[in-house]
Every structure is written in C-alpha cells, then in structure tokens.
Amino acid sequence: MRPAMKKNQLPVLGLTLALLLTACTAPGQVEPTPDPTHISEVNLEALVTDRYHLEYDSPEYCRLDITLPLFSEELPDIVVLNAQIEEDWGLFLNTAPYELQYVEYGFAYPMVCIDYEEYRFGDVLELVVRYEAYSLYGSGPAAFNSVYCYDMEQKSPSSLSELMEQLEITEEDVINAYMKTYGIGEEERDLISFQQDLDRFFFVGEDGTIQIEYNQ
C-alpha cells in the first residue's frame, strides 16, 4: 500500500526570507501591497483547497477515501481548470458511493483512494489528482492520475506538456522511466506509445523527477 499522500507538499523557505525582509523595512517606509496572483511561499497553501471529501466503508461493497481539490477562485482565468477537474472527477462528486459500480475493477472488497498533491516549478503550479484502487484482500493496484497546471506569471492555465518543456523533459525520458518501472526490455521499446500508454499514468514529482503510476 502506498503511503498516504501528503497535500500541500511545497517548500516554505521563502517564508523565512519574507520575514527577514519585513524586519528590514526602513522607518516610515510603506510596504507594497502583495499581488495575490503572484506565487510566493506565503500564499501557496491558499492556492488549492479541498473541495470535496468522502469516507465510506461497506465490507459487502467497497471502502472509499476521496479528497478532491479546487483552485482558488481568486486566480485569474481559473474557471477553466476548476471546470476540467469537475468534468474529470464529476462521477465521484455526483454519484452515491453504492452506485459507483465501476470502481470495483474485479477486486474483492476494493479500496479506492483519491487524493491530490501540489508541486511548484518556478512560476508554474502543478496539481496532481491521483487515483488508486486495490483489493483489501491483497490484489492490485490499479492507478492513474490527472494533472492540472497553472502559470502564475502568465496568470493563466498551463499544461503538463508545457511544464515538461520548461523542465527539459522529453517524451523519450518518460518512456525510459516507464520501461524502468515495469522492467521492459529495449526490444519492446517500439511497442510503447507515449500518447496511448502513458496518458494519465505519469506526472512530474518533487525535484522534477518523473513519477510513473504503477499498475498490476
């Protein structure tokens, strides 16, 4: 079982710097009003909040632990991303737990976990919503994710492909990470399609590392 995901996993070193700068303000000097749309270590936690949380357990059916996020509505042009999150995960927002037939994946007494993680790369905020299902009797997991990016400098939604370009991560890099995770030999490389095999199965984690969702 993967350790519980930690939300708001973002560095806070800038907070110390901000406090030091505040302490150095000259007498009578008026401090500038911070731009609420500028990324800073002080307001990162406010950029994404919990929108929905559900815990449900029925041994005859399944166990659910679901937390879905919402970008701060104060961010410019953020409606698009919040709407995309709702479209991608609306089934869980609008369906009673006992009606979620597809979550079973053939597992006996399945456990379904949905949670999110946040990462910052320069002025880009990456939000990763991760899904994992496995049997509480031992089989699994089945896992995938959805990635949402927002550019604080441009004050507009961004994309995983743009983040990859910024970090100089290529599709070949992702395929290499996928092959390593699953122990796939070079003779099978040509059988792997970035678009078909890796869509929703990877994200960029801490320190810019490629993270592959593992499925059995």
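Just so we're clear, the structure is a prediction, and the values are computed from it rather than from any experiment.

1. A closer look at the overall build of the protein chain
Next, step 1: Along its length, the protein chain carries five helices and eight strands.
Next, step 2: In the protein chain, the succession of helices and strands from N to C terminus is α-β-β-α-β-β-β-β-α-α-α-β-β.
Next, step 3: The 216 residues of the protein chain split such that 42% are buried.
Next, step 4: Counting contacts in the protein chain only where the partners sit at least 6 residues apart, residues at least 24 apart contribute 61% of the total.

2. Here we look at the sheet that holds strand 2 (residues 62–71)
Next, step 1: Taking strand neighbours across the sheet as the criterion, the six strands line up as 1-2-3-4-5-6 in an open arrangement whose pairing is mixed. This sheet does not close on itself; its edge strands, each paired only once, are strand 1 (48–58) and strand 6 (156–158). Strand-to-strand twist in this sheet, taken as the mean axis angle between neighbours without regard to direction, amounts to 20°.
Next, step 2: Bridge count for strand 4 (residues 124–135) against strand 5 (residues 142–151) is ten bridges, and the pairing is antiparallel. When the bridges of strand 5 are listed, valine 129 appears paired with serine 146.

3. Comments concerning the confidence of the model for the protein chain
Next, step 1: Across the protein chain, the average pLDDT comes to 81, with 77% of residues at 70 or higher.
Next, step 2: Predicted confidence is poor over residues 1–42, with pLDDT under 50, and the contacts of this stretch with residues over four places away or in other chains come to 50 contacts.

4. As for unusual backbone geometry
With the exception of glycine, most residues fall at negative phi, and the peptide bonds are largely trans.
Next, step 1: In this model, lysine 155 sits at a positive phi of 55°, which is unusual for a non-glycine residue.
Next, step 2: In this structure lysine 155 comes out as partly exposed when scored by relative accessible area, which is 35%.
Next, step 3: The phi dihedral of aspartate 207 is positive, around 65°, even though this residue is not glycine.
Next, step 4: For aspartate 207, a relative accessible area of 72% translates into the label exposed.

5. Side note on the pattern of salt bridges
Next, step 1: A full pass over the atoms with the stated rule returns six salt bridges.
Next, step 2: In this structure, glutamate 186 engages arginine 189 in a salt bridge whose closest nitrogen and oxygen atoms are separated by 2.7 Å.
Next, step 3: Judged by relative accessible area, which is 18%, arginine 189 ranks as buried.
Next, step 4: Several salt bridges converge on common partners, so that one network encompasses Glu117, Arg130 and Glu213.

6. Overview of helix 2 (residues 79–94)
Next, step 1: Its 16 residues place the ends of helix 2 only 19 Å apart at the C-alpha level, less than the 22 Å of an ideal helix rising 1.5 Å per residue.
Next, step 2: At aspartate 88, helix 2 is bent by approximately 65°, the largest bend along its length.
Next, step 3: Every buried residue of helix 2 is accounted for by Leu81, Asn82, Ile85, Trp89, Gly90, Phe92 and Leu93.
Next, step 4: Looking at the buried positions of helix 2, the neighbouring elements they touch are strand 1, strand 2, strand 3 (110–121), strand 4, strand 5 and strand 6.

7. Re the nonpolar core
Next, step 1: By size, the foremost hydrophobic cluster in this structure holds 31 residues, and its most contacted members are Leu68, Phe71, Trp89, Phe92, Ile114, Tyr131 and Tyr148.
Next, step 2: Looking at this core, the elements with two or more residues in it are strand 1, strand 2, helix 2, strand 3, strand 4 and strand 5.
Next, step 3: Formed by 21 residues, the second largest nonpolar core is a distinct cluster that contains Phe121, Ile169, Val174 and Val204.

8. Things to note about the packing of aromatic side chains
Next, step 1: By the definition in use, this model includes nine aromatic pairs.
Next, step 2: Judged by centre distance (6.3 Å) and plane angle (40°), the rings of tryptophan 89 and phenylalanine 92 are tilted. Taken as a pair, tryptophan 89 and phenylalanine 92 lie in helix 2 at a separation of three residues, close to a single helical turn. By the burial criterion, tryptophan 89 is buried, and phenylalanine 92 matches it.

Definitions and limits used
- Residues numbered from 1 in each chain as written.
- Predicted model: local features only at pLDDT ≥ 70, side-chain atom pairs only at ≥ 80, totals over all residues.
- Heavy atoms only, no water.
- Helix = DSSP H or I, 4+ residues; strand = E, 2+ residues; numbered from the N terminus.
- Buried < 20%, exposed > 50% of the residue type's maximum accessible area, 1.4 Å probe, protein only.
- Contact = heavy atoms within 4.5 Å.
- Pairing = 2+ DSSP bridges.
- Axes fitted to C-alpha atoms, helices over the stretch in contact; angles between N-to-C directions.
- pLDDT = per-residue confidence, 0-100.
- Salt bridge = Lys/Arg side-chain N within 4 Å of Asp/Glu carboxyl O.
- Expected span 1.5 Å × (residues − 1).
- Bend = angle between axes of the 7 residues up to and from the residue.
- Core = buried A, V, L, I, M, F, W, Y, C linked by side-chain atoms within 4.5 Å.
- Phe/Tyr/Trp six-rings, centres within 6.5 Å; stacked < 30°, edge-to-face > 60°.

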